[in-house]
Amino acid sequence: MTVFTEETRERAREIIARYPADRSRSALLPLLHLVQAEEGYVSPAGVEFCAEVLGLNKAQVGAVATFYTMYKRKPTGDYLVSVCTNTMCNVLGGQEVYDTLAEHLGVGHDETTADGKITLEHAECLAACDYGPVMTVNYDFFDNVDPQGALGVVEELRAGGRPMPTRGARLCTLKEMAVQLAGFADERDGAVADGGPGEATLRGLRLAEQHGISVPGFDPNTPIRSKAEADTAAAEAKAKAEAAKPAPAPEPVKPAAATGSTAPDVKAPDDKSPQVRTAETRQPDARTAVPDAPGTRVPADGAPPAPRDAQAAEAAGAAANPPAGDGKPAGDEAGAQQRNLKEAEAGAGANGAGPAVASETGVQK
């Protein structure tokens, strides 16, 4: 069984601390990426670890881990190669790219090469139709690929190289990518400075420049602030806005209504949501403030009944309605049955009816 390192546990505590104390379950997704960063997949030990630190059971964690395809449930290679075979990429040759790689590597969908380097999968859509056919390596894009270009990429990976993606930063292993998906920065020197946007992405920017379209007041030379600087600026702006607010005026004291009501003042019904008004109408309680209805008066508060009075009333009701014995319905005592039978026999003698008719008459009566 895997024993997770103290560094992983420290990072888990940091992830959980990002969320409110009563919403710690929201940390499950990044925690699953975190355990995948250590093992290369979400193992049963990883599921148990997430359940332990979040106070969940393993079934709850496993339900999430099996729902999302980015969480791998068996050991995965250093590089996950995903080829889009959905409609647009398929028309442009995506299936041919996938078939070529599968034959060359000797693996099928969701299978890993013997050297543990490459895991191949076909993807339904990689959301890059304007660059099709596309494939990704650990979720970084290689655009407009053809079978030979895809073969060149995987062979360079197997040889220990890291080809540059068409867009995005320098390639990293699946475990390194999982650390980033858990919410931690890529610590490799200069890694995020590599790469650049694709031509189709830049097309909108160039059209905006060509037609003079820009965001009002936007200065492209404005540096991007760090999170700490942004938080400080937001706190200062909030404090300044609070200081600029005028002091609230005291509410005027309303004269007591001449209705003789002891009900407390409440806001007009229009100030309440329909749900609140409905709840108060259907289920009023001692804390529900109900305004005086037109033409009615709220009775003055009286002393509540003593507990002994309620107990006496309950005892009297129970005495007046004794439960039936022997599993018979109430009123089915033997005395009543005998009385009905005698009345039936007497009626039969007077009318000359036979025994069967008498019995039936008695039952009916």
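Each remark here, short or long, concerns the structure printed above.
None of these values were measured; they are calculated from a predicted model.

Draft legend 1. Main features of the sheet that holds strand β5 (residues 140-142). Here we have five strands laid out as an open sheet, ordered β2-β3-β1-β4-β5, and mixed in their pairing. What marks the edges here is a single partner per strand, and that holds for β2 (111-112) and β5. For strand β1 (residues 79-84) and strand β4 (residues 135-137), the ladder comprises three bridges, and the chain directions are antiparallel. From the neighbouring strand, Val83 faces β4, where its bridge partner is Met135. Against the sheet, helix α7 (residues 147-158) makes contact with β1, β3 (118-123), β4 and β5, and its axis sits at roughly 10 degrees relative to β4, the strand it touches most.

Draft legend 2. The arrangement of the packing of aromatic side chains in detail. Scanning the model with the defined rule gives three aromatic pairs in all. Aromatic side chains Phe67 and Tyr68 sit 4.9 Å apart centroid to centroid with 80 degrees between the ring planes, which places their arrangement in the edge-to-face category. On the basis of relative accessibility, which here comes to 61%, the residue Phe67 falls in the exposed class. Looking at Tyr68, the relative accessible area reads 38%, which means it is partly exposed. Ring geometry for Tyr68 against Tyr71: centres 6.1 Å apart, planes inclined by 85 degrees, an arrangement best described as edge-to-face. Here Tyr71 falls in the buried class, since its relative accessible area comes to 6%. Ring-pair connections join several aromatic residues into one group, and the members of that group are Phe67, Tyr68 and Tyr71. Positioned above the aromatic ring of Tyr131 is the side chain of Arg167, whose terminal nitrogen or guanidinium carbon lies 4.0 Å from the ring centre.

Draft legend 3. The arrangement of a negative patch on the surface in detail. A cluster of acidic residues, Glu96, Asp99, Glu103 and Asp146, forms a negative patch on the protein surface. Following the sequence through the fold, Glu103 ends up in helix α6 (residues 94-105). Among the residues examined, Glu103 registers a relative accessible area of 69% and is labelled exposed.

Draft legend 4. Structural view of the environment of Glu39. With respect to the helices, strands and loops of the structure, Glu39 is situated in helix α2 (residues 28-39). Spatially, the C-alpha atom of Glu39 lies 9.8 Å from that of Lys74, the residues being 35 residues apart in sequence. Engagement of the side chain of Glu39 in a polar contact is seen with the side chain of Ser43, the distance being 2.5 Å.

Draft legend 5. Broad picture of the packing of α6 against α7. Running from N to C, α6 and α7 point in directions that differ by 40 degrees, and their axes come no closer than 9 Å. Between α6 and α7, the interaxial angle falls into the category oblique. Our pair here, α6 against α7, has a crossing hand that is right-handed. The segment α6 lies against α7, with Glu96, Val97, Thr100, Leu101, His104 and Leu105 engaging Pro147, Ala150, Leu151, Val154, Glu155 and Arg158. Of the residues belonging to the contact of α6 with α7, the class tally is seven nonpolar, two polar and three charged.

Draft legend 6. Fine view of the packing of α2 against helix α3 (residues 44-54). Their axes nearest at 10 Å, the elements α2 and α3 cross at an angle of 140 degrees. The angle between α2 and α3 places the two elements in the oblique class. The element α2 and its partner α3 pack so that their crossing is right-handed. Contacts between α2 and α3 involve Leu28, Leu31, Leu32, Val35 and Glu39 from the former and Gly46, Phe49, Cys50, Val53 and Leu54 from the latter. When the residues that make up the contact of α2 with α3 are grouped by side-chain class, the tally is eight nonpolar, one polar and one charged.

Draft legend 7. Highlighting the pairing of β3. The element β3 is largely enclosed, with a buried count of five among its six residues. Bridge count for β1 against β3 is six bridges, and the pairing is parallel. When the bridges of β3 are listed, Val81 appears paired with Leu120. Of the pairings in the sheet, the one linking β2 to β3 comprises two bridges and is antiparallel in character. Residue Thr112 lies in a different strand from β3, and its bridge partner there is Thr119. The turn joining β2 and β3, which pair antiparallel and follow one another in sequence, is formed by five residues; a positive phi near 75 degrees is taken by Gly116.

Thresholds applied
- Residues numbered from 1 in each chain as written.
- Predicted model: local features only at pLDDT ≥ 70, side-chain atom pairs only at ≥ 80, totals over all residues.
- Heavy atoms only, no water.
- Pairing = 2+ DSSP bridges.
- Helix = DSSP H or I, 4+ residues; strand = E, 2+ residues; numbered from the N terminus.
- Contact = heavy atoms within 4.5 Å.
- Axes fitted to C-alpha atoms, helices over the stretch in contact; angles between N-to-C directions.
- Phe/Tyr/Trp six-rings, centres within 6.5 Å; stacked < 30°, edge-to-face > 60°.
- Buried < 20%, exposed > 50% of the residue type's maximum accessible area, 1.4 Å probe, protein only.
- Lys NZ or Arg CZ within 6 Å of the ring centre and 35° of its normal.
- Patch = residues over 30% accessible without salt bridge, like charges linked within 9 Å, V, L, I, M, F, W, Y side chains within 5 Å.
- Areas by Shrake-Rupley, 256 points an atom, 1.4 Å probe, with all protein chains shown as cover.
- Salt bridge = Lys/Arg side-chain N within 4 Å of Asp/Glu carboxyl O.
- Lys, Arg positive; Asp, Glu negative; His and termini not counted.
- Charge placed at Lys NZ, Arg CZ, Asp CG, Glu CD.
- Polar contact = N/O pair within 3.5 Å; in protein donor to acceptor, adjacent residues only side chain to side chain.
- Parallel < 35°, antiparallel > 145°, perpendicular 65-115°, else oblique.
- Left-handed = near helix turned anticlockwise from the far one by under 90°.
- Nonpolar A, V, L, I, M, F, W, Y, C, P; charged D, E, K, R; others polar.

Functional significance is not addressed by these values, which are geometric in nature.
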